[in-house]
Amino acid sequence: MRADAPHPDVQALLDLIEEAGTSPISQFGVDEARELSRKMRPDETGPDVGDVTDRTVPGFEGDGPEVPVRVYTPEGAGPFPTVAFFHGGGFVLGDLESHDYLCREFVTESGCAVVAADYRRAPEHPFPAAVEDAYAVTQWVAETDALEGNGDLAVMGDSAGGNLAAAVTLMARDRADGPAVDFQALIYPSVSHRTDWDSRQANNEGYYLVEADMQWFHECYHASTVHRGNRYAYPLEACDFAGLPPATVVTAGFDPLRDEGVAYAEALADAGVAVEHRNYPAMIHGFVSMLAGPREVETGHAAVAALAGDVATALA
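The structure presented is a predicted model; accordingly, all values stated were derived computationally and were not measured.

Draft legend 1. Spotlight on the overall build of the protein. Counting secondary structure elements, the protein contains nine helices and eight strands. Taken against the 2.2 N^0.38 rule, which gives 20 Å for 316 residues, the C-alpha radius of gyration of the protein at 18 Å falls within 12% of a compact globule. Across its three principal directions, the C-alpha atoms of the protein cover 50 × 45 × 35 Å. Looking at the protein residue by residue over its 316 residues, the buried ones come to 57%. In the protein, the share of contacts with a sequence separation of at least 24, taken over all contacts with a separation of at least 6, comes to 78%. Looking at the protein, you have 19 positive and 51 negative side-chain charges, and the mean spots of the two groups are 4 Å apart.

Draft legend 2. Highlighting unusual backbone geometry. In the segment running from serine 23 into proline 24, the intervening peptide bond is cis, with an omega of 5°. Along the chain, proline 24 falls in the loop between α1 (8-20) and α2 (29-39). The residue serine 159 is not glycine, and still its phi comes out positive at about 60°. Considering the arrangement of structural elements, one finds serine 159 in the loop between β5 (149-158) and α5 (160-174).

Draft legend 3. Spatial organisation of the sheet that holds strand β6 (residues 183-187). If you trace the eight strands from one edge of the open sheet to the other, you get β1-β2-β4-β3-β5-β6-β7-β8, paired in mixed fashion. Two strands bound the open sheet, and with one partner strand each, they are β1 (51-57) and β8 (275-280). On average, each strand axis in the sheet is inclined to that of its neighbour by 20°, with strand direction left out of account. Sheet topology places β5 next to β6; five bridges connect them, and they run parallel.

Draft legend 4. Highlighting helix α9 (residues 298-315). Taking 1.5 Å per residue as the helical rise, α9 with its 18 residues ought to reach 26 Å, and the 26 Å between its terminal C-alpha atoms agrees with that figure. All buried positions along α9 are accounted for by Gly300, His301, Ala303, Val304, Ala306, Leu307, Ala308, Asp310, Val311 and Leu315. Along its buried surface, α9 packs onto β3 (80-86), α3 (100-110), β5, β6, β7 (247-252) and β8.

Draft legend 5. Representation of the nonpolar core within the structure. By size, the foremost hydrophobic cluster in this structure holds 65 residues, and its most contacted members are Phe86, Leu164 and Tyr264. Among residues more than four places away in sequence, those in contact with leucine 164 are Phe86, Phe91, Tyr119, Ala130, Val131, Ala134 and Tyr221.

Draft legend 6. Spotlight on the packing of aromatic side chains. In this structure the tally under the stated criterion is eight aromatic pairs. Note on tyrosine 188 and phenylalanine 287: the rings are 6.0 Å apart at their centroids and 55° apart in plane angle, and the pair reads as tilted. Separated by 99 residues along the polypeptide, tyrosine 188 in the loop between β6 and α6 (198-202) and phenylalanine 287 in the loop between β8 and α9 bring together distant segments of the chain. For the pair tyrosine 188 and phenylalanine 287, one class covers both residues: buried. Within the aromatic cluster, the residues linked to one another by ring pairs are Phe91, Phe127 and Tyr221. A cation over an aromatic ring shows up here: arginine 194 above the ring of tryptophan 197, its NZ or CZ 3.8 Å from the ring centre.

Draft legend 7. How the structure looks around the pairing of strand β4 (residues 113-117). Of all the five residues making up β4, five are buried; the element is thus mostly covered by neighbouring parts of the structure. Note that strand β2 (residues 67-73) and β4 share four bridges and pair antiparallel. Across the sheet, residue valine 69 finds its bridge partner in β4, namely alanine 117. Note that β3 and β4 share five bridges and pair parallel.

Draft legend 8. Molecular detail of the pattern of salt bridges. Counted according to the given criterion, the structure contains 16 salt bridges. Between arginine 41 and aspartate 95 there is a salt bridge, and its shortest N-O distance comes to 3.1 Å. Separated by 54 residues along the polypeptide, arginine 41 in the loop between α2 and β1 and aspartate 95 in the loop between β3 and α3 bring together distant segments of the chain. Each member of the pair, arginine 41 as well as aspartate 95, carries the same accessibility label: buried. Linking arginine 173 and aspartate 174 is a salt bridge whose minimum nitrogen-to-oxygen distance equals 3.0 Å. Judged by its relative accessible area of 26%, arginine 173 is partly exposed. For aspartate 174, a relative accessible area of 32% corresponds to the partly exposed category. Beyond isolated ion pairs, a larger network of salt bridges with shared partners links Asp54, Arg70, Glu97, Asp100 and Arg104.

Draft legend 9. Structural context of the pairing of β2. Burial analysis of β2 places six of its seven residues in the buried class, which makes it a mostly covered element. Across seven bridges, the pairing between β1 and β2 is antiparallel. Bridged to valine 57 within β2 is valine 67.

Draft legend 10. Seen up close, a negative patch on the surface. Taken together, the side chains of Asp43, Glu44, Glu296 and Glu298 make up a negatively charged region of the molecular surface. Checked against the element boundaries, glutamate 298 lands in helix α9.

So, how was this worked out
- Residue numbering note: each chain is counted from 1, following its sequence as written.
- This being a predicted model, a pLDDT of at least 70 is required before a residue's local features are given, and a value of 80 or more before pairs of side-chain atoms are given or counted; all residues contribute to the totals for chains, interfaces and linings.
- Only hydrogens and water are removed before side-chain values are computed, so all heavy atoms of the structure are retained for them.
- Counting from the N terminus, the helices are DSSP H or I runs at least four residues long and the strands are E runs at least two residues long.
- The reference for a compact globule is 2.2 Å times residues^0.38; the radius of gyration itself is calculated from the C-alpha atoms.
- Under the scheme applied here, a residue whose accessible area is under 20% of the maximum for its type counts as buried, over 50% as exposed, and between as partly exposed, the area being computed with a 1.4 Å probe on protein chains only.
- Contacts are assigned to residue pairs that have any heavy atoms within 4.5 Å of one another.
- The positive count covers Lys and Arg only, the negative count covers Asp and Glu only, and His and the chain ends enter neither.
- Here the site of a charge means NZ on Lys, CZ on Arg, CG on Asp, or CD on Glu.
- Criterion used throughout: strands pair if DSSP finds at least two bridges between them.
- A fitted line through C-alpha atoms represents every axis, and for helices the fit uses only the stretch in contact; the resulting angles, taken between N-to-C directions, go from 0 to 180 degrees.
- Given the number of residues in a helix, its expected span is that number minus one, multiplied by 1.5 Å.
- For our purposes a nonpolar core is just a set of buried Ala, Val, Leu, Ile, Met, Phe, Trp, Tyr and Cys residues, chained together by side-chain atoms within 4.5 Å.
- Two rings from Phe, Tyr or Trp (for Trp, the six-membered ring) form a pair when their centres are within 6.5 Å of each other. A pair whose planes differ by under 30 degrees is stacked, one over 60 is edge-to-face, and the rest are tilted.
- Put simply, a charge is over a ring when the Lys NZ or the Arg CZ is close to the ring centre, within 6 Å, and near the line of the ring normal, within 35 degrees.
- For this analysis, a salt bridge means a side-chain nitrogen from Lys or Arg found within 4 Å of a carboxyl oxygen belonging to Asp or Glu.
- Here, patches come from residues exposed beyond 30% relative accessible area and free of salt bridges, joined within 9 Å for like charges and within 5 Å for nonpolar side chains (Val, Leu, Ile, Met, Phe, Trp, Tyr).
- Note on areas: these come from Shrake-Rupley sampling with a 1.4 Å probe, and a residue is covered only by the protein chains present in the view.

Below, the structure written as structure tokens:
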């Protein structure tokens, strides 16, 4: 599951982070951590797509606040399969801009339209605000006539966004009026409250996502330990995984979250759900969005292409 050492691209990035003294990012507090995260983004805008439009969609059950989204449409004539996308960042960091490059590259590789959600972040908006926003966006995508969609729908997210994508599939299955989700793409998802995973012990320092930041993210998002048994907060806590859509689960060898991602893939498979597990032994957490600038990791492009192929095939 883990290579002998990180890939040279990854090690170069880790050396830059150590030299800059920016880890753990939680040492700076919420506002400064967000600003630092913004400064780390590449200047490049990413591949051209057919159209990019910012708008808002109705909130959860019609009562919640409207959710800003960014709609990416491929080149060519529709209708297109559609992917609801949820960005990572520990529920605290990240936004539409942080994952703009990833969304653009995924659109060009998959031929799918992408609706990226700018969900409410913690600590200002702890659980379940992000889940409600993610579900509202997914439901809107499934029901709206405003998109050139063909009716096929996937959910996708990385890290905290992978948690949201998994939670949305559970909610959609559990609710009588839930949207029909055809596929779930989970990129190193955070799905468990446990801290005793072997990968978390082995990779908790020196590999980009560190223990202090993981604890901080969870404290910001999960304001109460009561949430530990809630399957929408921690999808691995679900008692039943039957009836969920097929999935691809991406993990990385040097990622503290690797083993819980593996466990989620196994739980889905044990319930009869078709699962493709793609592990990248020499990679770290976050590598799929490291696509440009000084943080570019070439394997990230290959991972996006492979995931895009899985989604496109599933929604064909």
